[in-house]
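Examining the three-dimensional arrangement
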Amino acid sequence: MHIRHILTVAAAAGALAAVTAAPAQAAEYSSALKIKGVQYDAPGRDSNRCSGGNTKDEYLTIKNYSRTATVDLKGYVVKDATGNKFTFTSTHRLEPGDYVKLRGGRGTNSDAGNVVYRQNCNFIWNNDKDTIYLLKPGGARADVHSYTKSANDRDGNGYINYHG
């Protein structure tokens, strides 16, 4: 009897350890907005000069996967593992199925062109590995993805697709 109890407790502890060891990106969040993909490594040699640099070629695509709801990005936050972040401070509505590319560098935001610029010439994503957080206005997670270049970018083009 005692041995059976010990084995049951050990099996339960092992199951709990397996559940708690699951990676954060494995969770599916209940949000219409998801990270569609990321160009984490801008093509060419990295240059964060505001004039002539290529930070605008680094971008994150966020898509509204709802079939019926329009979502306003105002108050949403995008950040990386070290805390670099961008907050959508202006109204930018995404209709069902619509997307926006959040680009580095400076430029003119455009609803029609589906683009928002970070107005910052520094790169946000690391070229080897990082974690991308998309947070709702209240701080809850809308979507999270971690990547490593070696595991997630098999063709080496600097782009990873998450949600089709």
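Structure: see above.
Report follows, based on the coordinates. Since the model is a prediction, treat every value here as computed from it, not as a measurement.

Our next topic: the nonpolar core. Among the nonpolar cores identified, the biggest contains 24 residues, and Leu60, Phe88 and Trp125 are the most heavily contacted of them. The element contributing the most residues to this core is strand β1 (residues 33-39), with three residues. Residues contacting Trp125, with those up to four places away along its chain left out, are Val38, Gln39, Tyr40, Glu58, Leu60, Val78, Lys79, Asp80, Asp130, Thr131, Ile132 and Tyr147. If you look at the next biggest cluster of nonpolar residues, it comprises five residues, including Tyr29, Val77, Tyr133 and Leu135.

Attention shifts here to the state of the cysteines. In total, this model carries one disulfide according to the counting rule given. Here Cys50 pairs with Cys121 through a disulfide, and the sulfurs are 2.1 Å apart. For the disulfide bridge between Cys50 and Cys121, the dihedral angle about the S-S bond is near 120°, and by the sign convention the bridge is right-handed. Here Cys121 lies in the loop between β8 (115-117) and β9 (129-135) and Cys50 lies in the loop between β1 and β2 (59-64), a separation of 71 residues in the sequence.

On to the pattern of salt bridges. For the structure shown, the criterion picks out three salt bridges. Across the pair Lys149 and Asp41 runs a salt bridge, and its minimum N-O distance is 3.9 Å. With Lys149 in helix α2 (residues 149-152) and Asp41 in the loop between β1 and β2, this pair connects stretches of sequence that are 108 residues apart. The exposure class of Lys149 is partly exposed, given its relative accessible area of 35%. One salt bridge connects Asp72 with Arg93, and the closest N-O pair in it is separated by 3.1 Å. Of the two residues, Asp72 sits in strand β3 (residues 71-72) while Arg93 sits in strand β6 (residues 93-94), which places them 21 residues apart along the sequence.

Applying the stated criterion across every chain yields a total of three aromatic pairs. Seen from their ring centres, Tyr59 and Tyr159 are 6.3 Å apart, and the 40° between their planes marks the pair as tilted. In this pair, Tyr59 sits in strand β2 while Tyr159 sits in strand β11 (residues 159-161), placing the two residues 100 residues apart along the sequence. A cation over an aromatic ring shows up here: Lys79 above the ring of Tyr133, its NZ or CZ 5.6 Å from the ring centre. Lying across the ring of Tyr59, Lys101 places its NZ or CZ 4.5 Å from the centre.

What follows deals with the pairing of strand β10 (residues 141-148). Sheet topology note: the β9/β10 ladder contains seven bridges and is antiparallel. Looking at β10, one finds that Thr131 is bridged to Ser146. Connecting the antiparallel pair β9 and β10 is a turn made up of five residues, with Gly139 showing a positive phi of about 105°.

Taken in spatial order, the five strands of this open sheet run β8-β7-β2-β1-β11, and their pairing is mixed. Edge positions in the sheet fall to β8 and β11, since each has one partner strand and no second. Each neighbouring strand pair of the sheet contributes to a mean axis angle of 25°, computed without reference to strand direction. Two strands pair when backbone bridges link them, and β1 and β11 are joined in this way by three bridges, in the antiparallel orientation. Across the sheet, the residue bridging to Gln39 is Tyr159, located in β11.

Cut-offs and rules
Residues numbered from 1 in each chain as written. Predicted model: local features only at pLDDT ≥ 70, side-chain atom pairs only at ≥ 80, totals over all residues. Heavy atoms only, no water. Core = buried A, V, L, I, M, F, W, Y, C linked by side-chain atoms within 4.5 Å. Buried < 20%, exposed > 50% of the residue type's maximum accessible area, 1.4 Å probe, protein only. Helix = DSSP H or I, 4+ residues; strand = E, 2+ residues; numbered from the N terminus. Contact = heavy atoms within 4.5 Å. Disulfide = S-S within 2.5 Å. Salt bridge = Lys/Arg side-chain N within 4 Å of Asp/Glu carboxyl O. Phe/Tyr/Trp six-rings, centres within 6.5 Å; stacked < 30°, edge-to-face > 60°. Lys NZ or Arg CZ within 6 Å of the ring centre and 35° of its normal. Pairing = 2+ DSSP bridges. Axes fitted to C-alpha atoms, helices over the stretch in contact; angles between N-to-C directions.

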